[in-house]
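# Chain and residue survey
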Amino acid sequence: MPLLDMKAVRGGYGDADILQGVSITVAEKEIVVIVGPNGAGKSTAMKAVFGLLNVRGGSIVFDGEDITGWAPNRIVQRGICYVPQVDNVFREMTVHENFEMGGFLRKGDLSAAYERVYELFPDLKAKRRNLAGDLSGGQRQMVAMGRALMLDPKLLLLDEPTAGLSPKYMEQIFQITRDVRDAGVSILLVEQHAKQALAFCDRGYVLATGANRHEGTGQALLADREVAEMFLGG
Amino acid sequence: MTLLDFINFYLVPGIVLGSIYAVGAIGITLVFGILRFAHFAHGDMATLGAFIALALVTAGMDPWTALPLAMAITAGVAIGIDRTFYDYLKARPKIVTVMASLGVALMLRSVVQMLWGVDPTTYVTGIVRPTDYFGILLRPRELYTLTAVVLIVVGLELFLRRSKWGKAMRAMSDNPDLARLSGVDNRKVTMLTWAIVGALTAASGFMLGINTEVESMMGWHLLLPMFAAAILGGVGRVQGAVLGGLIVGIAEELSVFILPAQYKAATAFALLLLILLVRPRGLLNGKVL
Ligand SMILES: Nc1ncnc2c1ncn2[C@@H]1O[C@H](COP(=O)(O)OP(=O)(O)OP(=O)(O)O)[C@@H](O)[C@H]1O
Ligand SMILES: [Mg+2]
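Residues numbered from 1 in each chain as written. Chains lettered and ligands numbered in written order. Predicted model: local features only at pLDDT ≥ 70, side-chain atom pairs only at ≥ 80, totals over all residues. Heavy atoms only, no water.

## Details of the packing of aromatic side chains
Let me state the cut-off plainly: Whether two aromatic rings pair depends on their centres lying within 6.5 Å, for rings of Phe, Tyr and Trp, where Trp uses its six-membered ring; planes under 30 degrees apart make the pair stacked, over 60 edge-to-face, and the rest tilted. Helical segments are the DSSP runs of H or I of at least four residues, strand segments are the runs of E of at least two, and each set is numbered from the N terminus. Partly exposed residues are those whose accessible area sits between 20% and 50% of the maximum for their type, while under 20% is buried and over 50% is exposed, using a 1.4 Å probe and protein chains only. In this scheme, Lys NZ or Arg CZ marks a charge over a ring once it lies within 6 Å of the ring centre and within 35 degrees of the ring normal.
Applying the stated criterion to the full structure yields 15 aromatic pairs over all chains. Relative to Tyr86(B), the ring of Phe37(B) has its centre 5.4 Å away and its plane inclined at 65°; by these criteria the two rings are edge-to-face. Note that Phe37(B) is positioned in the loop between helix H1 (3–35) and helix H2 (42–58) and Tyr86(B) in the loop between helix H3 (63–84) and helix H4 (94–116), a separation of 49 residues in sequence. Each member of the pair Phe37(B) and Tyr86(B) is classed as buried. Where Phe51(B) meets Trp116(B), the ring centres are 5.2 Å apart and the plane angle is 40°; that geometry is what we call tilted. Here Trp116(B) lies in helix H4 and Phe51(B) lies in helix H2, a separation of 65 residues in the sequence. Here Phe51(B) falls in the buried class, since its relative accessible area comes to 1%. For Trp116(B), a relative accessible area of 30% translates into the label partly exposed. One aromatic cluster in this structure is built from Trp64(B), Tyr123(B), Tyr144(B) and Phe206(B). Lying over the aromatic face of Trp70(A), Arg74(A) brings its terminal NZ or CZ to 3.6 Å of the ring centre. Taking NZ or CZ as reference, Lys168(A) lies 4.9 Å from the ring centre of Tyr169(A), over its face.

See below:
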C-alpha cells in the first residue's frame with residue numbers, strides 16, 4: 001500500500017473545479033515528481049494533499065488513514081510537511097528561528113532535530129543568526145526545506161524548490177532531496193525543470209488542465225515522444 | 001535660555017510625552033502587523049484603562065500599584081472586545097473591522113462618560129516639587145513614567161525575541177500563511193496580541209493621566225500622535241514605534257518655538273504627512289499593508 005494515495009481528486013479554491021480528477025501515489029522512500037505547463041494545477045494538487053483546498057470528489061489516504069478534508073494543522077501532526085512555492089520562509093526571522101517555527105508543534109527537546117537539519121544544510125550553520133530574508137535564493141530554499149523537516153515528516157511536499165536558482169544550486173537542492181529521502185522521508189515535488197527532475201526522480205506525473213496526462217518512471221517519461229514534445233522542448 | 005532650561009522645559013517633557021506615545025504606538029503597530037487593521041478604538045481603550053486605574057486609586061490603592069492591575073483588567077477587556085466584535089468580522093474585508101473599531105471607540109467613550117462623568121480629575125492632588133538631578137529637574141511621576149516605559153519596552157522585546165509564543169506572534173506578523181502551516185494557532189496568537197495591546201493601552205492612558213489629568217476625551221486626543229508615531233517608525237516595528245513616539249513627543253514640545261502653542265497637536269499631523277511623502281514605509285522600513 002502506498003504512503004500517499006490520492007484518487008480522482010476534484011476541487012478548487014472557490015466554486016470552480018481546478019482539479020478535475022487527479023490521481024497520484026507516493027510509496028515509502030520514493031521521490032515522485034509532478035511536471036506540467038504553467039497553470040496545469042500542479043501547485044493546486046499539492047495544496048489538496050495538504051488540506052488547503054475545497055476537495056469535492058475523490059479521496060486522499062495517507063499512511064492508511066483517510067485525510068480528505070482535514071485541516072492543515074492536523075495533517076502536519078499526522079506527518080506531512082509542505083514547502084510552498086513562494087513566500088516559504090519567515091523573512092524577518094533568523095535562520096534558526098525559522099527552524100524553531102518549523103518545530104513549533106513539537107514538544108520536548110529539539111536539539112536532535114536541529115542537528116539533523118544543520119547536517120543536511122551545513123551552509124546554514126554559519127548563517128544561523130542571519131535573517132532568512134537576507135539570504136540568497138538557494139539558501140532561502142534550504143531554510144524553507146529545513147523548516148519543513150523540523151517536524152520529522154513521513155512525507156515532504158516541495159513546490160518548485162529550484163525555481164529561479166542557478167544550475168549549481170539546483171543540483172545541490174536535488175542532492176539534498178535525495179539525502180532527505182535516504183533518511184527515510186518520501187518526497188512529492190513539483191518541478192519546472194522537467195528534464196532534470198524526471199532524470200532524478202523515481203516516478204513522475206505529467207498534469208495538464210487539472211488532470212493526469214501521463215505517468216511512469218522518470219526514464220520512461222523522458223523517453224516518451226509525446227511528453228518530450230509537450231514539455232521538454234522536443 | 002540656557003541648555004539646562006531647554007532640557008528642563010522642552011526636552012524632558014517631550015521625552016515623557018514621547019514615551020507615553022511610544023507605549024500606545026507599540027500597541028497600534030502590533031495590531032497592524034499581526035491582525036492587519038488600523039485600530040481606531042486604541043485611544044478610547046487607553047481612556048478606559050486610565051479610568052479603571054482611577055477606580056482602583058479611588059478604592060484606596062497607590063497609583064503605581066494600581067497600574068499593573070489596571071493593565072491586566074484592560075487586557076481582559078481587550079480580549080472581550082475582540083471576541084464580541086472583531087472576531088465576527090475577520091472573514092470580511094479589513095476596512096469593515098476598521099470601521100467597527102471606530103464604533104467601539106465611541107462606545108467605550110460613552111461607557112466611561114456614563115460611569116465617571118465628563119469632568120477632568122486627577123489621580124493625586126497637591127503640587128509635587130521636582131527633584132534636582134545635577135541641574136535636571138524631574139518629578140517622581142516623570143521618573144516613574146520613564147522607568148515604567150523602559151521596563152515595558154524591554155520586557156516586551158524579550159518576550160517577542162525569546163519566548164515561544166512571542167516568536168509565534170512575530171511569525172504571524174511576518175508570514176501568516178506559513179505560520180499557520182507550521183501549526184501556529186491563529187486564535188491563540190490573536191488573544192495574546194489583544195492581551196498585550198490592552199495592557200499597553202492602559203499603561204499609556206494611565207501615564208498620560210498621571211502626568212496631566214484624567215478625562216474622557218484624553219485617549220481620543222492620543223490617537224493621532226500614536227498613529228503618527230507608529231507610521232513614522234514603520235508599521236509593524238516595535239522599535240520603530242518607540243522611536244516614532246519619542247520623535248512625535250519631542251517635536252510637539254519643540255513646536256512652540258515656531259508655532260503658537262495651540263497648534264501643538266497639529267505637529268503630529270504635519271509629521272505624519274511629511275513621513276508619508278518622503279518615506280512611506282517609515283524610518284525602520286515597516287510593512288506595506
Ligand atoms: N489561490 C487561488 N485562488 C484561485 N485560483 C487559483 C489560486 N491559485 C491558483 N489558482 C488557479 O488555479 C489554476 C492552477 O494553478 P496552479 O498554481 O495549481 O498551477 P501550477 O501548475 O502550479 O502553475 P505554475 O507552474 O505556474 O506554478 C490556475 O488557473 C490558477 O489561476
Ligand atoms: Mg505552481
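## Considerations on the UniProt feature "transmembrane region" (unreviewed entry) in chain B
Residue and element names in this part refer to chain B. Put simply, the rule reads: UniProt positions are given in the numbering used here, feature names are shortened, and annotations may be inferred rather than shown by experiment.
The sites that UniProt annotates as "transmembrane region" (unreviewed entry) are residues 6–33, 45–61, 67–86, 95–116, 143–160, 189–210, 222–251 and 263–280. Within residues 45–61, the helical portion is 82% and the strand portion 0%, while the C-alpha atoms at the span's ends are 21 Å from each other. Summarising residues 67–86: 90% helix, 0% strand, and an end-to-end C-alpha distance of 26 Å.

## Quick look at the layout of surface pockets
Short version of the rule: Of the grid points, spaced at 1 Å and generated over the protein atoms alone, those admitting a 1.4 Å probe that cannot get out make up cavities, while open sets with protein on both sides within 12 Å along at least five of seven lines make up pockets; any residue with an atom within 4 Å of a point is treated as lining. Grid points are joined across faces, edges and corners, and a volume is the space filled by probe spheres set on the points. When residues are grouped by polarity, Ala, Val, Leu, Ile, Met, Phe, Trp, Tyr, Cys and Pro land in nonpolar, Asp, Glu, Lys and Arg in charged, and all others, Gly among them, in polar.
Estimates place the volume of the largest pocket at around 670 Å³. The wall of the largest pocket is formed by 27 residues, among which Leu17(B), Leu208(B), Thr212(B), Glu253(B) and Lys264(B) lie closest to the centre. Taken together, the elements giving at least two residues each to the lining of the largest pocket come down to H1, helix H5 (140–162), helix H8 (186–211), helix H9 (218–233) and helix H10 (238–254) of chain B. Take the lining of the largest pocket: its biggest share by element is 8 residues, from H1(B). Taken together, the residues that form the lining of the largest pocket break down as 15 nonpolar, 4 polar and 8 charged. In this model, the second largest pocket occupies a volume close to 510 Å³. Along the walls of the second largest pocket sit 21 residues, with Leu52(A), Tyr82(A), Asp177(B), Leu178(B) and Leu181(B) positioned nearest its centre. Contributing elements (two or more residues each) for the lining of the second largest pocket: helix H1 (42–49) and helix H2 (72–78) of chain A together with helix H7 (176–181) of chain B. Looking at the lining of the second largest pocket element by element, the count peaks at 5 residues for H7(B). Of the residues assigned to the lining of the second largest pocket, the class counts are 10 nonpolar, 5 polar and 6 charged.

## Considerations on the pairing of strand E2 (residues 19–26) of chain A
Residues and elements named next belong to chain A. Selection rule: The rule for pairing is simple: two strands pair if DSSP sees at least two bridges between them.
Sheet topology places strand E1 (residues 4–12) next to E2; 6 bridges connect them, and they run antiparallel. What sits directly across from Arg10, in E2, is Gln20. Counted between consecutive antiparallel strands, the loop separating E1 from E2 contains 6 residues.

## Notes on the site of ligand 1
All names here are of chain A. For clarity, the cut-off: Working definition: residue near molecule or strand if any one of its non-hydrogen atoms lies within 4 Å of it. Contacts described as polar in this section are N or O atom pairs within 3.5 Å, which, within protein, must combine one atom able to donate a hydrogen with one able to accept it, while residues neighboring in sequence count only if both atoms come from side chains. Shrake-Rupley sampling with a 1.4 Å probe provides the accessible areas, and residues are treated as covered by the protein chains on show and by no other component.
Of all residues adjacent to ligand 1, which total 13 residues, the nearest are Asn38, Gly39, Lys42, Ser43 and Thr44. Contact between ligand 1 and Lys42: an oxygen atom at 2.7 Å from a side-chain N or O atom of the residue. At a separation of 3.5 Å, an oxygen atom of ligand 1 approaches a polar side-chain atom of Gln192. Notes on ligand 1: free accessible area 630 Å², of which the protein chains cover 60%.

## Quick word on the interface of chain A and chain B
Many descriptions give the size of an interface as the accessible area lost when the pieces come together. Rules: By definition, residues are in contact when any of their heavy atoms lie within 4.5 Å. Once two parts are joined, some of their accessible surface, as seen by a 1.4 Å probe, is lost; buried area is that loss totalled over both. Criterion for a salt bridge: a side-chain nitrogen of Lys or Arg within 4 Å of a carboxyl oxygen of Asp or Glu.
Listed as interface residues are 20 residues of chain A and, on the opposing side, 17 residues of chain B. Buried surface at the junction of chain A and chain B, both sides included, amounts to about 1,700 Å², of which 58% is carbon and sulfur. In this structure, the connection of chain A to chain B is made through 3 salt bridges. A salt bridge links Glu92(A) to Arg237(B), with the shortest nitrogen-to-oxygen separation between them at 3.1 Å. At the level of elements, H2 and helix H3 (95–102) of chain A are the ones that each hand at least two residues to the side of chain A that touches chain B. Ranked by the residues each element gives to the side of chain A that touches chain B, the list is headed by H3(A), at 3 residues. In terms of residue class, the side of chain A that touches chain B is built from 11 nonpolar, 2 polar and 7 charged.

## Details of the pattern of salt bridges
All chains considered together, the criterion is met by 20 salt bridges over all chains. The shortest N-O distance in the salt bridge between Arg187(B) and Asp87(B) comes to 3.9 Å. With a gap of 100 residues between them, Arg187(B) in helix H8 and Asp87(B) in the loop between H3 and H4 connect regions that are remote in the sequence. Residues participating in the shared-partner salt-bridge network are Asp63(A), Glu65(A), Arg78(A) and Lys154(A).

## Observations regarding H4(B)
All names here are of chain B. Formally: By this rule the span expected of a helix is its residue count minus one, scaled by 1.5 Å.
With 23 residues, H4 should cover 33 Å at 1.5 Å per step; its first-to-last C-alpha distance of 33 Å lies within 8% of that length. Contacts made by the buried residues of H4 are with H2, H3 and H9. One or two residues past the end of H4 sits Gly117, with phi positive at roughly 80°.

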